[in-house]
Amino acid sequence: MIPFVKDITFEYGACDQVSPLIRRVVANNPGPFTFLGTGTYIIGKGQVAVIDPGPDLDDHLEAILAATAGETITDILITHHHADHSPLAGPLKARTGARIHGCPPSRIGAADGVVVEADEDESFRPEIVIRGGEIIRGPGWTLEAVATPGHTLNHICFALHEENALFSGDHIMGWSTTVVSPPGGDMTAYMDSLQKVADRKFDTLWPTHGPPITEVAPFIAAYAAHRRAREAQFLACVDKGVGRIADMVPELYAAVDKRLHPAAANSLLGHAIDLVRRGVLACDGEPGPGSTYRRP
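As the structure is a computational prediction, the values presented were derived from the model and not from experiment. (Residues numbered from 1 in each chain as written. Predicted model: local features only at pLDDT ≥ 70, side-chain atom pairs only at ≥ 80, totals over all residues. Heavy atoms only, no water.)

Across its full length, the protein carries 6 helices and 12 strands. Computed over C-alpha atoms, the radius of gyration of the protein comes to 19 Å, within 12% of the 19 Å expected from 2.2 N^0.38 for 296 residues, which places it in the range of a compact globule. Counting only C-alpha atoms, the protein reaches 65 × 35 × 35 Å along its principal axes. For the protein, restricting intrachain contacts to residue pairs at least 6 apart in sequence, the fraction spanning at least 24 positions comes to 62%. Accessible surface for the protein amounts to roughly 12,200 Å². Of this, 53% is attributable to carbon and sulfur atoms. In the protein, 25 positive and 36 negative side-chain charges are present, and the distance between their average locations comes to 4 Å. (Helix = DSSP H or I, 4+ residues; strand = E, 2+ residues; numbered from the N terminus. Rg over C-alpha atoms; globule rule 2.2 N^0.38 Å. Contact = heavy atoms within 4.5 Å. Areas by Shrake-Rupley, 256 points an atom, 1.4 Å probe, with all protein chains shown as cover. Lys, Arg positive; Asp, Glu negative; His and termini not counted. Charge placed at Lys NZ, Arg CZ, Asp CG, Glu CD.)

The structure is reproduced here in C-alpha cells:
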C-alpha cells in the first residue's frame, strides 16, 4: 500500500513559509487531477525563483506578486506544460521580466477523448530550454533541473541543493498516484525516472499538488511497487482471457472515481506498451487502446 499523505493546512492566496528557503502559495483550482489546487513555490529571499506558477488566474497572479513584494523574481521554472502548471508563466513574466525555464512539449497530446489533466498549455514556449542537468542559481539557493520523463515526455523536476529537496511536479505526488497516459506519457520512461529520483536520496519531495513527502525512500518504493502490482493485475487479466483494456478497467479500478476511468484506461495502455516492448505481451500490430493482448 502506498502511504499517501494528504493533510495540508493553507488558505487560498496566502503565502506560507514551509521551509527555510521555500514559500508556497496555493491556487484556487481544486479538482480530480489537482487535489486542493496548484502549489506554487517561491525559492529564496530578495532574488527568488518561482516554480510552477500555475493556471492563468488573476487572483493567483496577484497572490504571487503580493508574496514577493519588494523582491525580484528572476526565474520562473516549469515542471511540464499541463494547464494547471504553466499558463501563468507568461503573465508573471510580463509583470516581472523573469526568465522562463522549461523543457518544450513534444507536441504529443492525450489520446482522443481522454482527459488526463486540466488540459494542455498549447502556447507554452520556454524562453530558456532545459533538458536536465542545468543549474539555476540565486543568492543562497541552487536549483538543478532533473529530467523525469514519464507523466509527460517533457517533465522536469528541480532539486534544491541547500535542502536536499526535490520539487517533484506531478512525477511523484503524496495524495495520489501519477497519471501516465500515452501518447504524451510513457510508462517505461516513468519507471526509469522513479528509480533516478530514488537513487538521489532526497530528504523531502515537494509535489506541485498536496503536502510534502518526508519519508522519501519507502514512499517511492511503494509507488513503484504499486505500478508493478498493476502490471501483475494486467497480466492476470490476460491469463484468464480478458485481453482488452476496456474490459479490465471496471474490475481493476472499481474503487476509483469513475471520472478517472478514461485516464485509468490510458494508464493501462501505458503498461501494455511497456509490456509489449519488453516482450512480456504481444498483440496484432502496434499496441493500442482497442488491441487484444496475449502472451507471446
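From this point, things continue past the structure.
This paragraph deals with the sheet that holds strand E12 (residues 204-207). The strand order across the open sheet formed by 5 strands is E8-E9-E10-E11-E12, and the pairing between neighbours is mixed. Looking at the sheet topology across the chains shown, the edges are occupied by strand E8 (135-138) and E12. The sheet shows a mean angle of 25° between the axes of neighbouring strands, taken without regard to direction. As paired strands, E8 and strand E9 (residues 141-147) are joined by 4 bridges and run antiparallel to one another. Bridging from a neighbouring strand, Gly 138 pairs with Trp 141 of E9. (Pairing = 2+ DSSP bridges. Axes fitted to C-alpha atoms, helices over the stretch in contact; angles between N-to-C directions.)

Before going further, it helps to spend a moment on the nonpolar core. Judged by nonpolar contacts, the single largest core of 23 residues is most densely connected at Leu 166, Ile 172, Leu 205 and Tyr 223. Of all the elements in the fold, those that place two or more residues in this core are strand E10 (156-160), helix H3 (187-200) and helix H4 (216-239). Beyond its immediate stretch of four places on either side in the chain, Ile 172 contacts Thr 178, Leu 194, Val 197, Leu 205, Pro 207, Ile 213, Phe 219, Ile 220 and Tyr 223. Among the nonpolar cores identified, the runner-up in size contains 20 residues, and Ile 22, Ala 147, Ile 156 and Leu 160 belong to it. (Core = buried A, V, L, I, M, F, W, Y, C linked by side-chain atoms within 4.5 Å. Buried < 20%, exposed > 50% of the residue type's maximum accessible area, 1.4 Å probe, protein only.)

The next subject is the pattern of salt bridges. Summed over the entire model, instances satisfying the criterion amount to 13 salt bridges. A salt bridge links Lys 240 to Glu 251; the nearest nitrogen and oxygen atoms lie 3.0 Å apart. A residue pair is termed long-range when its members are at least 10 positions apart, and Lys 240 in the loop between H4 and helix H5 (245-252) and Glu 251 in helix H5 qualify at 11 residues. If you follow the salt bridges from partner to partner, you end up with Arg 228, Glu 231, Asp 274 and Arg 278 in one network. (Salt bridge = Lys/Arg side-chain N within 4 Å of Asp/Glu carboxyl O.)

All right, on to the environment of Pro 287 then. Looking at where Pro 287 falls in the secondary structure, it is placed in the segment after helix H6 (261-277). Along the primary structure Pro 287 and Ala 272 are separated by 15 residues, whereas in three dimensions their C-alpha atoms are 7.0 Å apart.

Mapped onto the fold, Thr 38 is located in the loop between strand E2 (22-26) and strand E3 (39-43). Judged by its relative accessible area of 0%, Thr 38 is buried. Setting aside residues up to four positions removed in sequence, Thr 38 forms contacts with Val 25, Val 26, Ala 27, Asn 29, Asp 52, Gly 54, Pro 55, His 60, Asp 84, Thr 208 and His 209.

This next bit is on the sheet that holds E3. Pairing is mixed in the open sheet, where 7 strands are placed in the order E1-E2-E3-E4-E5-E6-E7. The open sheet has two edge strands, strand E1 (15-19) and strand E7 (128-129), and neither has a second partner. Examined bridge by bridge, strand E6 (residues 99-102) and E7 share 2 bridges and lie parallel to one another. Within the sheet, the bridge partner assigned to Gly 102 lies in E7 and is Val 129. Against the sheet, helix H1 (residues 58-67) contacts E1, E2, E3, strand E4 (47-51) and strand E5 (72-77), and its axis sits at roughly 155° relative to E2. Contacting E4, E5 and E6, helix H2 (residues 89-96) crosses the sheet at an angle of about 155° to E5.

The interhelical angle for the contact between H4 and H6, taken along N-to-C directions, is 80°, at an axis separation of 10 Å. Classed by the angle they form, the pair H4 and H6 counts as roughly perpendicular. Contacts between H4 and H6 pair Arg 227, Arg 228, Arg 230, Glu 231, Phe 234 and Leu 235 from the former with Ser 267, Leu 268, His 271, Ala 272, Asp 274 and Leu 275 from the latter. Of the residues that constitute the contact of H4 with H6, the class distribution is 5 nonpolar, 2 polar and 5 charged. (Parallel < 35°, antiparallel > 145°, perpendicular 65-115°, else oblique. Nonpolar A, V, L, I, M, F, W, Y, C, P; charged D, E, K, R; others polar.)

Remember that the coordinates give geometry; whether it matters functionally is a separate question.
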